[in-house]
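Each chain, written out:
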Amino acid sequence: MNFFKNPFFAPKAIRNAECFDVELANWEYIGTGMIRSCYRVPGQLVCVKFYRTTEKADRDWKWDTYWRVRLTRHLFWTNINMQEWRYYERLKKRLPAALMAVFPDKIEPVYSTRLGWGLKETLLVNYDGSPVHSVVKQMQRFTDEQDKEALFRRVSELIGQIIQYYVAIHDPQNILVQWIDAQQYQLRIVDFEPRTKAIVPGLTYIRPFIRRRVNNRCVRYLKLVRQGMVMGFGDEED
């Protein structure tokens, strides 16, 4: 029995996690962040996220990130993917349905003997199957200033709810625009690493800390978006 896959003290969902030992290079590549890469499961509106392999990331990572990935890849309690999954489960129990709906419809843990702990979750796409875009990218696509202003208001309202309910969203850049038909869109959130790089455990339980940290980051984000609406966003990419 693989101890990392089946630690006796782990939650049932961890012990029963799907084994995902596949060659991801043959799957549709979606994108890569600083630590994780995302791939689409063939023929499904589902994606999987795992830590990047250190061989490919050595040139990008600082030594602390390198060792953090090395040491937490197979440890379900400290692995970023598992922290995200546990926080998602907590949010489901306390958020209003309308606010919870901005997150992926389903997130569950998976395990790879090579890549460690990962996530299998709903893939967010537009009604026509095209990729969703960041708020900034969507702003660039709008030609009508009223459309830009309406999107800004909706993002501001969502951020207000995030702060009101103490949701640990430290990277508001991960708010996405998903079109549900040719005229209507909704806001969604992916890649919410609740602890970010914090060393101290349990910070997501300290609501005043979460509110202050999230508020500060979101205020800066909205200021930059507003500045881009006035002066232009340049060559901002997703």
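Before any of the text, the structure's been laid out above.
Throughout what follows, the structure given in this document is the object of discussion. In this text, all values refer to a predicted model and were calculated from it rather than measured experimentally.

Definitions and cut-offs
Residues numbered from 1 in each chain as written. Predicted model: local features only at pLDDT ≥ 70, side-chain atom pairs only at ≥ 80, totals over all residues. Heavy atoms only, no water. Patch = residues over 30% accessible without salt bridge, like charges linked within 9 Å, V, L, I, M, F, W, Y side chains within 5 Å. Areas by Shrake-Rupley, 256 points an atom, 1.4 Å probe, with all protein chains shown as cover. Salt bridge = Lys/Arg side-chain N within 4 Å of Asp/Glu carboxyl O. Helix = DSSP H or I, 4+ residues; strand = E, 2+ residues; numbered from the N terminus. Polar contact = N/O pair within 3.5 Å; in protein donor to acceptor, adjacent residues only side chain to side chain. Buried < 20%, exposed > 50% of the residue type's maximum accessible area, 1.4 Å probe, protein only. Pairing = 2+ DSSP bridges. Contact = heavy atoms within 4.5 Å. Axes fitted to C-alpha atoms, helices over the stretch in contact; angles between N-to-C directions. Core = buried A, V, L, I, M, F, W, Y, C linked by side-chain atoms within 4.5 Å. Phe/Tyr/Trp six-rings, centres within 6.5 Å; stacked < 30°, edge-to-face > 60°. Lys NZ or Arg CZ within 6 Å of the ring centre and 35° of its normal.

Some words on a nonpolar patch on the surface
Working step 1: A contiguous nonpolar patch, built from Trp63, Trp67 and Leu71 and spanning about 440 Å² of accessible area, is present on the exposed surface.
Working step 2: You can see Leu71 is positioned in helix H3 (residues 63-72).

So, the side chain of His133
Working step 1: Checked against the element boundaries, His133 lands in strand E7 (residues 133-134).
Working step 2: Here the side chain of His133 touches Arg141 through a polar contact of 3.2 Å, side chain to side chain.

Considerations on unusual backbone geometry
With the exception of glycine, most residues fall at negative phi, and the peptide bonds are largely trans.
Working step 1: Phi angles above zero are rare outside glycine, and Tyr166 is one such case at about 55 degrees.
Working step 2: If you trace the backbone, Tyr166 turns up in the loop between helix H7 (145-164) and strand E8 (175-179).
Working step 3: Here Tyr166 falls in the partly exposed class, since its relative accessible area comes to 21%.
Working step 4: Within the chain, Asp191 stands out as a residue other than glycine whose phi angle is a positive 55 degrees.

Things to note about the sheet that holds E8
Working step 1: The three strands lie next to each other as E7-E8-E9, forming an open sheet whose pairing is antiparallel. Looking at strand neighbours, the two that pair on one side only are E7 and strand E9 (185-189), the edges of this open sheet.
Working step 2: By the bridge criterion, five bridges tie E8 to E9 in an arrangement that is antiparallel. Within the sheet, the bridge partner assigned to Gln178 lies in E9 and is Gln186.
Working step 3: Contacting E8 and E9, H7 crosses the sheet at an angle of about 40 degrees to E9.

Digging into the pairing of E8
Working step 1: Where burial is concerned, most of E8 is hidden: five out of the five residues are buried.
Working step 2: Of the two faces of E8, the one carrying Ile175, Val177 and Trp179 and the one carrying Leu176 and Gln178 are both buried.
Working step 3: With two bridges joining them, E7 and E8 adopt antiparallel strand pairing. By the bridge assignment for E8, His133 is matched with Val177.
Working step 4: Counted between consecutive antiparallel strands, the loop separating E8 from E9 contains five residues.

Looking at the nonpolar core
Working step 1: Phe103, Leu151, Val155, Val167 and Ile189 are the most contacted members of the largest nonpolar core, which has 47 residues in total.
Working step 2: In terms of nonpolar packing, the next biggest core, distinct from the first, is built from ten residues, Trp27, Tyr39, Val46 and Leu115 among them.

Quick notes on the pattern of salt bridges
Working step 1: Counted by the stated rule, this structure contains twelve salt bridges.
Working step 2: Lys49 is the salt-bridge partner of Asp191, the closest N and O atoms lying 2.5 Å from each other. With Asp191 in the loop between E9 and helix H8 (207-231) and Lys49 in strand E4 (residues 46-51), this pair connects stretches of sequence that are 142 residues apart.
Working step 3: A relative accessible area of 30% places Asp191 in the partly exposed class.
Working step 4: Arg217 serves as the salt-bridge partner of Asp171, at 3.8 Å between the closest nitrogen and oxygen. Within this pair, whereas Asp171 is found in the loop between H7 and E8, its partner Arg217 is found in helix H8, the two being separated by 46 residues in sequence.
Working step 5: For Arg217, a relative accessible area of 24% puts it in the partly exposed group.
Working step 6: Here the residues in one salt-bridge network are Arg36, Lys49, Glu84, Glu121 and Asp191, joined through shared partners.

Looking at the packing of aromatic side chains
Working step 1: As enumerated under the stated definition, the model contains nine aromatic pairs in all.
Working step 2: For the ring pair Phe142 and Trp179, a centre distance of 6.3 Å and an interplane angle of 75 degrees mean the geometry is edge-to-face. Taken together, the residues span a long stretch of sequence, with Phe142 in the loop between helix H6 (135-141) and H7 and Trp179 in strand E8 at a distance of 37 residues. Of the two residues, Phe142 and Trp179, neither departs from the other in class, the shared state being buried.
Working step 3: The ring of Trp77 carries Arg86 above its face, with NZ or CZ at 4.1 Å from the centroid.

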